[in-house]
Structures are given as structure tokens and as C-alpha cells.
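Spelled out from the first residue to the last, the chains are:
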Amino acid sequence: MSTRDAVIVEAVRTPIGKRNGSLAEVHAVDLSALVLRELIRRTGIDPQTVDDVMWGCVTQLGDQSSNVGRFAVLAAGWPESVPAVTINRACGSGQQAIESAAHAVISGAYEIAVAGGVETMSRVPLGATRASGFPYGQTVLDRYGVEGLDQGSGAEMIAEKWGLSRLMLDEFASRSHQLSAAAIDRGAFDSQIVPVETPAGTFTTDEGLRRGTTPEKLEGLKPSFRDNGVIHAGNASQISDGAAGVMITTSAKAAELGLKPLARIVAGTVVGADPVLMLTGPIPATQKLLARTGLSIDDIGAVEINEAFAPVPLAWQIELGADPDRVNPVGGAISVGHPLGASGAILTTRLINHMRDNGIRYGLQAICEGGGTANATLYELID
């Protein structure tokens, strides 16, 4: 019996809009539909042949309530027979969608799947689903002896545990802006972006970037979670809007359709970690992934660790002993934003394009998630 694989034949994303910025008037379903239509335009396949659409979305309320993925399929004009499911693994929802689609393709359940995600945080505010509820339950808080589980507090604790000073965090944040600016200026993102028509015109470029950011300029920002803390708005991810998606099939099916794969999905892992620290999961997720594949961190030529807060990639970097120059080489969520449900697919799209542009064989992405879980995925360039 032949061995099946999972390959990405196309990956696209919208530009990332800042809160109340260029995408604030665009519905999440319509933003998603743009990505779906672009995948079909680029591949030329009949959307009828897509077995399923797996779509990440975190704050499933209001515009994003019910099944965003299904309504995106309908908004894209695809046949009614194409199904869809909306996935919520917190900030890793888009990445989990990709991994779930890969599992289905490798198993033979699907031949062609589309995966990705969306979040319009201007229209559906962060934390809106918690306004009238108590998501953790008292039993969970009693287990850990805390009054609440909070990502910002977790980021502060991570900085303290790994000895990360405010200056170190602000230097990393400034680096993110510098690398994103360089990537935008050389056109590194141009081929992966689908323009969005808005009431204000055509939107084409990630708009959260603050050129000229330096530690000195960040020095005046007040800490967000502790009076004497090190985490502030400048070294944390930006609240944003965006969508991204990939098309996944097998190498054999891609050849049959005349499509050239960009990258192979080699392996993926998901782990649970301390829910109080909350954001350290990328460390054991990566360790598990490397053990599973037999690779070392030195074999990985490019890494995307989602920049939820600056301590997350820095602690990961310390624990894995990774080359800092290979980590987030085109910037990250600190500089261009973190539209929750879309971020996993945005990371994938940026990563595999960076691998292609620079001839890098292996790329790895990992993302921390609310509740203390994390996904890690390994990609291999197909030349």
C-alpha cells in the first residue's frame, strides 16, 4: 500500500489590519471568503472537489458566531455541497485547522482540504465571550490556588522565571518591527497577500508596523499587568483583523491536478503545559516534535514562534538553544498583529514563503494558546 503525505499547494492571507483600522468594516465571513476565492483562483481547481474547509476562529460571538467556516464557503460562492467546520483551540485555532486537515488527507478520508482561519477583533472584541461568564470554573482555580488565569500575568511570570529584563523584551520588540519593515520593503509578503477592497480603498499592506521603534521609544510605556512589571503594549502582540488559508492535498493528487506543492507537512504535535504560566507550551511542543522526527534544532532553518508577548519566543529560544537569527526572521505579531483565529495560518503562509525564497529545507512554527496548550508543526520545502 502506498504511503500518503500532506502537501500545501497554495497559501494566501489578507494583509493584517490594526484595531479599528482598514479592515474594521469588513465582516469576518467576507474576509474569509476572499481567501477561499483566491485559493481557487490560484490553483484553478473546481471548488466542488474540496472535501472540507476547516476554519479557525476564537471569539465565536456576534459576527463570528455559529459556523464561520460554513458561511465563508457560501459567501465565496462555492457549491452548497462543500462542508466546513469552525475550530477553536484558542490562539492556535488556525494552526490546529491545518494539522487536522493534514491528518484527514494523510488518512485517506480527504483528497483535498482547505484550512485556515479568521478573526476580526475590531468587530468582535477580545474577551467578549467572557463578559457574562466564568470560563475556568472555581474547581480549576482551586486546583492551582489562584484567583484567575491571565495571559498577561503569565507573561510576567515567564519573564521573571527566565530572567528576561524589560530592556531585553523591548529590544526583541524593536527587532520585530525592524524585520517586518525590511520584509515589507523588499516585497517578501507581496505574493502571499490577497488585496482587500474596503470603503477607504484597496488594502494591501500590514498596517500595525511602527517604523523606527526602539527600546528608548518603548521606555515610556506603562506596564500593563503589574505596577513594576516588564510587559506593556509595545512588547505584546497587537489586537488585529485578518484571515489566511492554505490548500492541502497529497503529492500524488497534486501531480494529477498539475499543481506544484510548496511544502510538505512533516509532523505536528499538540501539548498541554502549566495553565498559570499559560504561554510556555511551545517549548515542550517543539521538544516533542523534534523527538518524533529525529531532527535537532540545528536542522531547522527558520522558525516562527508566535509573538503573543516577547517573553514567549525568548524563553523558547533559551530552552531550545536556537540560533536567534533563525527565529521570526520576518518579524511577528508584536509588529504586525495577532488576529487570533487566523494567526496559525498566517505563520504558515509567512514561513513556507520565507523557506522558498531562501532555499531553507525545514521550517518550524509553534504557538502558545489560552489554557496552557500549544501546537508545533514542521514543514519541509519541496523544490
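On a predicted model such as this, the values are computed, not experimentally measured, just so you know.

About the criteria used
- Residues numbered from 1 in each chain as written.
- Predicted model: local features only at pLDDT ≥ 70, side-chain atom pairs only at ≥ 80, totals over all residues.
- Heavy atoms only, no water.
- Helix = DSSP H or I, 4+ residues; strand = E, 2+ residues; numbered from the N terminus.
- Rg over C-alpha atoms; globule rule 2.2 N^0.38 Å.
- Contact = heavy atoms within 4.5 Å.
- Areas by Shrake-Rupley, 256 points an atom, 1.4 Å probe, with all protein chains shown as cover.
- Lys, Arg positive; Asp, Glu negative; His and termini not counted.
- Charge placed at Lys NZ, Arg CZ, Asp CG, Glu CD.
- Buried < 20%, exposed > 50% of the residue type's maximum accessible area, 1.4 Å probe, protein only.
- Salt bridge = Lys/Arg side-chain N within 4 Å of Asp/Glu carboxyl O.
- Polar contact = N/O pair within 3.5 Å; in protein donor to acceptor, adjacent residues only side chain to side chain.
- Pairing = 2+ DSSP bridges.
- Phe/Tyr/Trp six-rings, centres within 6.5 Å; stacked < 30°, edge-to-face > 60°.
- Lys NZ or Arg CZ within 6 Å of the ring centre and 35° of its normal.
- Core = buried A, V, L, I, M, F, W, Y, C linked by side-chain atoms within 4.5 Å.
- Disulfide = S-S within 2.5 Å.
- Axes fitted to C-alpha atoms, helices over the stretch in contact; angles between N-to-C directions.
- Parallel < 35°, antiparallel > 145°, perpendicular 65-115°, else oblique.
- Nonpolar A, V, L, I, M, F, W, Y, C, P; charged D, E, K, R; others polar.

### Here we look at the overall build of the chain
Okay, so step 1: Each helix and strand counted, the chain has twelve helices and twelve strands in total.
Okay, so step 2: Taking 383 residues into account, the globule formula puts the C-alpha radius of gyration at 21 Å, and the chain, at 20 Å, falls close to it.
Okay, so step 3: For the chain, the spread of C-alpha atoms along the three principal axes comes to 60 × 50 × 45 Å.
Okay, so step 4: Within the chain, contacts between residues at least 6 apart in sequence are counted, and of these 81% link residues at least 24 apart.
Okay, so step 5: Of the roughly 14900 Å² of accessible surface on the chain, a fraction of 49% belongs to carbon and sulfur atoms.
Okay, so step 6: Across the chain, the 30 positively charged side chains and the 42 negatively charged ones have centroids separated by 1 Å.

### Brief notes about the side chain of Glu-369
Okay, so step 1: Counting through the fold element by element, Glu-369 comes out in strand S11 (residues 362-369).
Okay, so step 2: Buried charge without a partner: Glu-369 forms no salt bridge, and the closest opposite charge is Arg-89, 4.6 Å away.
Okay, so step 3: Polar side-chain contacts of Glu-369 include one of 3.3 Å to the backbone nitrogen of Asn-375.
Okay, so step 4: Not counting the four nearest positions on each side in its chain, Glu-369 is found in contact with Arg-89, Ala-90, Cys-91, Gly-92, Met-278, Ala-374 and Asn-375.

### Brief notes about the environment of Arg-226
Okay, so step 1: Within the secondary structure layout, Arg-226 lies in the loop between helix H7 (215-218) and strand S8 (240-249).
Okay, so step 2: For Arg-226 and Val-312, which are 86 residues apart along the polypeptide, the C-alpha to C-alpha distance reads 18 Å.
Okay, so step 3: Contacts of Arg-226, omitting those with residues within four sequence positions, involve Glu-156, Met-157 and Glu-160.
Okay, so step 4: In this structure the side chain of Arg-226 is engaged in a polar contact, spanning 3.4 Å, whose partner is the side chain of Glu-160.

### Looking at the pairing of strand S5 (residues 112-120)
Okay, so step 1: Counting buried positions along S5 yields nine of nine residues, so the element is predominantly enclosed.
Okay, so step 2: Burial of S5 is two-sided: the residues Ile-112, Val-114, Gly-116, Val-118 and Thr-120 facing one way and the residues Ala-113, Ala-115, Gly-117 and Glu-119 facing the other way are all buried.
Okay, so step 3: Both strand S3 (residues 52-56) and S5 contribute to a ladder of five bridges, which runs parallel. Across the sheet, Gly-56 pairs through a bridge with Gly-117, a residue of S5.
Okay, so step 4: Across nine bridges, the pairing between S5 and S8 is antiparallel. Following the sheet pairing, Val-114 is matched in S8 by Met-247.

### A closer look at the packing of aromatic side chains
Okay, so step 1: The final tally for this structure, using the stated rule, is one aromatic pair.
Okay, so step 2: The ring centre of Phe-189 lies 4.9 Å from the NZ or CZ of Arg-13, which sits over that ring.

### Topic: the nonpolar core
Okay, so step 1: Formed by 47 residues in total, the largest nonpolar core has its most connected members in Leu-169, Leu-279, Ile-300, Phe-309, Trp-316 and Leu-364.
Okay, so step 2: Considering each element in turn, this core owes the most residues, five residues, to helix H10 (residues 311-320).
Okay, so step 3: Not counting the four nearest positions on each side in its chain, Phe-309 is found in contact with Gln-151, Gly-152, Ala-155, Phe-225, Ile-231, Asn-235, Ala-236 and Leu-279.
Okay, so step 4: The next biggest cluster of nonpolar side chains, apart from the first, holds 35 residues, and it includes Leu-31, Val-68, Ala-72 and Ala-84.

### Things to note about the environment of Asp-185
Okay, so step 1: One can find Asp-185 in helix H6 (residues 166-185).
Okay, so step 2: Taking the C-alpha atoms as reference points, Asp-185 and Ile-300, 115 residues apart in sequence, are found 26 Å from one another.

### Concerning the pairing of S8
A regular strand places its side chains on the two faces of the sheet in alternate fashion.
Okay, so step 1: S8 sits mainly inside the fold: ten of its ten residues count as buried.
Okay, so step 2: Side-chain alternation along S8 places Ser-240, Gly-242, Ala-244, Val-246 and Ile-248 on one buried face and Asp-241, Ala-243, Gly-245, Met-247 and Thr-249 on a second face that is also buried.
Okay, so step 3: Sheet topology note: the strand S2 (residues 17-18)/S8 ladder contains two bridges and is antiparallel. Looking across to S8, one finds that Gly-17 is bridged to Asp-241.

### Digging into the state of the cysteines
Okay, so step 1: Under the definition given, this model contains zero disulfides.
Okay, so step 2: Unpaired in terms of disulfides, Cys-57 finds its nearest cysteine sulfur in Cys-91, a separation of 12 Å.
Okay, so step 3: No disulfide involves Cys-368; its nearest neighbouring cysteine sulfur is the one of Cys-91, lying 6.2 Å away.
Okay, so step 4: You can call Cys-368 buried: its relative accessible area is 2%.

### A short note on the packing of H6 against H10
Okay, so step 1: With their axes 10 Å apart at the nearest point, H6 and H10 run at an angle of 100° to one another. Here H6 is positioned roughly perpendicular relative to H10, judged by the angle of their axes. The residues of H10 that touch H6, namely those facing Met-168, Leu-169 and Phe-172, are Pro-311, Pro-313 and Leu-314.
Okay, so step 2: Its residues assigned to classes, the contact of H6 with H10 comprises six nonpolar, no polar and no charged.

### Regarding the packing of helix H3 (residues 93-107) against helix H12 (residues 340-358)
Okay, so step 1: The interhelical angle for the contact between H3 and H12, taken along N-to-C directions, is 60°, at an axis separation of 4 Å. When H3 is examined against H12, the residues Ser-93, Gly-94, Gln-95 and Ile-98 are found in contact with a partner set consisting of Gly-341, Gly-344, Ala-345 and Thr-348.
Okay, so step 2: Of the residues contributing to the contact of H3 with H12, the split by class is two nonpolar, six polar and no charged.

### A word on unusual backbone geometry
Backbone phi values are negative for most residues with the exception of glycine, while trans is the configuration of most peptide bonds.
Okay, so step 1: A positive phi is found at Asn-20, a non-glycine position, where the angle reads about 60°.
Okay, so step 2: Mapped onto the elements, Asn-20 comes out in the loop between S2 and helix H1 (28-43).
Okay, so step 3: For Asn-20, a relative accessible area of 59% gives the class exposed.
Okay, so step 4: In the Ramachandran plot, Asn-328 falls in the positive-phi region, its phi being about 50° despite a non-glycine side chain.
Okay, so step 5: Along the polypeptide, Asn-328 turns up in the loop between H10 and helix H11 (333-336).
Okay, so step 6: Judged by its relative accessible area of 0%, Asn-328 falls in the buried class.

Without other data, these values stay purely geometric and don't point to any function.
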